[in-house]
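# Survey of secondary and tertiary structure
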Amino acid sequence: MKYRDWLLILFVTSVIMAISNLIGYKTSIIESIPGVVILCGIALLGQFLSQIIPVKLPMILYVTTLGLILASPISPISDIVLQYTNKIAFMAPVTVVGAVTGISIGKDYVEFKRVGWKFLVIGLLVITGTFIGSAIVAHMVLKVTGRI
Amino acid sequence: MYYVVEKIKKEFKIYITAIILVVISECIGTISFQVGWGKIVLFPMLFALIIAVLLGPDLIGYFKLEECKTASALVLVAITPFMAKLGILAGGNIPKLVALGPALILQEFGNLGTMFLSIPVALLLGMKREAIGACYSINRETNLGLSIHVFGPDSPETRGTFAIYIIGSVIGTVYMGFLASLMASTKLFHPWALGMASGVGSGSMMAAATATLANIYPEYANDIFMLGGASDMLTGIDGIYMGMFVAIPLALKLYDWLAPKLGSQKQ
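These figures come from a predicted structure and were not determined experimentally.

What counts, and at which threshold
- Residues numbered from 1 in each chain as written.
- Chains lettered and ligands numbered in written order.
- Predicted model: local features only at pLDDT ≥ 70, side-chain atom pairs only at ≥ 80, totals over all residues.
- Helix = DSSP H or I, 4+ residues; strand = E, 2+ residues; numbered from the N terminus.
- Rg over C-alpha atoms; globule rule 2.2 N^0.38 Å.
- Buried ≥ 20, exposed ≤ 12 C-beta atoms within 10 Å, placed from the backbone.
- Contact = placed C-beta atoms within 7 Å.
- Domains from an automatic or database assignment.
- Core = buried A, V, L, I, M, F, W, Y, C linked by C-beta atoms within 7 Å.
- Nonpolar A, V, L, I, M, F, W, Y, C, P; charged D, E, K, R; others polar.
- Axes fitted to C-alpha atoms, helices over the stretch in contact; angles between N-to-C directions.
- Parallel < 35°, antiparallel > 145°, perpendicular 65-115°, else oblique.
- Left-handed = near helix turned anticlockwise from the far one by under 90°.

### So, the overall build of chain A
What chain A contains, in helices and strands, is six helices and zero strands. Counting from the amino terminus, helix and strand elements in chain A follow one another as α-α-α-α-α-α. A compact globule built from 148 residues would reach a C-alpha radius of gyration of about 15 Å, whereas chain A, at 20 Å, exceeds it by more than 25%. Principal-axis analysis of the C-alpha atoms gives chain A an extent of 50 × 50 × 40 Å. A burial count over chain A gives 47% of its 148 residues as buried. Contacts spanning at least 24 positions in sequence make up 57% of the contacts within chain A whose residues lie at least 6 apart.

### Overview of the overall build of chain B
On a plain count of helices and strands, chain B comes out with 12 helices and two strands. The N-to-C order of helical and strand elements in chain B reads α-β-β-α-α-α-α-α-α-α-α-α-α-α. Taking 267 residues into account, the globule formula puts the C-alpha radius of gyration at 18 Å, and chain B, at 20 Å, falls close to it. With 267 residues in all, chain B has 56% of them scored as buried.

### A word on the domain arrangement of chain B
Residue and element names in this part refer to chain B. With domains assigned, chain B is organised as domain 1 (1–33 + 40–78) and domain 2 (79–262). Of note, the centres of domain 1 and domain 2, computed from C-alpha atoms alone, are 27 Å apart. Each partner contributes residues to the interface: domain 1 has nine residues there, and domain 2 has 11 residues. Put simply, the parts of the chain that give the side of domain 1 that touches domain 2 at least two residues each are β2 (38–42) and α3 (65–78). Residue contributions to the side of domain 1 that touches domain 2 peak at five residues, all from α3.

### As for the nonpolar core
Core analysis: the biggest nonpolar cluster contains 134 residues, and V100(A), C135(B) and A251(B) have the highest contact counts within it. Examining the composition of this core, we find that 15 residues originate from one element, helix α12 (residues 221–262) of chain B, more than from any other. Excluding residues that lie within four positions of it along the chain, V100(A) makes contacts with A18(B), A71(B), L74(B), V75(B) and A78(B).

### Describing the interface of chain B and chain A
With 98 residues of chain B at the interface, the matching set in chain A holds 83 residues. By residue number, the principal contributor to the side of chain B that touches chain A is helix α4 (residues 80–98) of chain B, which donates 14 residues. Its residues assigned to classes, the side of chain B that touches chain A shows 72 nonpolar, 20 polar and six charged.

### Brief notes about the packing of helix α1 (residues 3–25) of chain A against helix α5 (residues 92–105) of chain A
Packed helices, taken two at a time, are described by their axes: the angle between them and the distance between them. Residues and elements named next belong to chain A. The interhelical angle for the contact between α1 and α5, taken along N-to-C directions, is 120°, at an axis separation of 8 Å. For the element pair α1 / α5, the angle class is oblique. Where α1 crosses over α5, the handedness of that crossing is right-handed. The segment α1 lies against α5, with T13, I16, M17, S20, N21, G24 and Y25 engaging A92, P93, T95 and V96. Considering only residue class, the contact of α1 with α5 consists of six nonpolar, five polar and no charged.

### Examining the domain arrangement of chain A
Looking at the assigned domains, one finds that chain A contains domain 1 (3–90) and domain 2 (108–148). A separation of 31 Å is found between the C-alpha centroids of domain 1 of chain A and domain 2 of chain A.

See the structure below:
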């Protein structure tokens, strides 16, 4: 995808994020702007890095890691980054993703209805397995390290 | 400039509808209600998704197939600012976690064990590649981003991830609370271990589990909240890397190994 496609979609996404932040989380548009700009800047930079770095990884890994590094203690701008992006509520950028994803998977509705119950079973199984698995390991490590 | 105008015209309907959907969803806001042990919390994202699906070609028919496909490409880009935010949140929390030690980190690997059970079951139920996306993790927001980018927005694997995400959103919280109390009643696990296990990567699920556990073990309540929160935070930080470098490859290998044996092609 070309960069101008990216810029356009990011621009629209930014506008919608600011709207979400306003309606859902009572943050004024003006206040949201620096945070939104930072998030999109990191997204673009991540995309750029993924193209120039020879290791083949999905670009969001670069985006998330870039965010991680910029907000971590070793970063000189961590305070600024945290201060402005904290104004953007956690779930605000996700609402627009929900909308666009819903549009794109709308064509699969009939299919999903047919197999939906299977996902319910698997969903419960996954949650159960994750919890029990972690509890077992945690308990064992605590025992081995003598803490219990 | 002409290119941009053409592009806007094509995607205009999607953008405008998306804005309207978001406005409606945010106006509905976050809805939470108590159900037995736990609380169900429904975010605007879910409403936007549901209404958007209703508008699709299979139901109301406001969107045509072509437009659905165009929207797929948009999802890829639209989720990136959110992924940036996740990274930032994680980065801000690193100092807190360095203080906490190995048990917390190691129990993250416990999160992987689940797929050895869930993938075979999924295959036996007749699922195909959706099983991979559905089973490699508990599928919260981070995994949506990861799946979309690793498997593609239109793939069966990503559909699997989304399906589990939706189910987790609706009943995950209540079920976690229930599960935590069940595990506590077995008396096989130390409250600290259960507290750590509560951090699966979903704040609401973690809250349900820790609240239930604190209720059962009041003397350990503070520890449980702290460990659950820390474990959840840790999953937030390592989730995408564990997913990408460990869980997804593992799930793919498991699937390739088991599908010929258990998959519906056999029957």
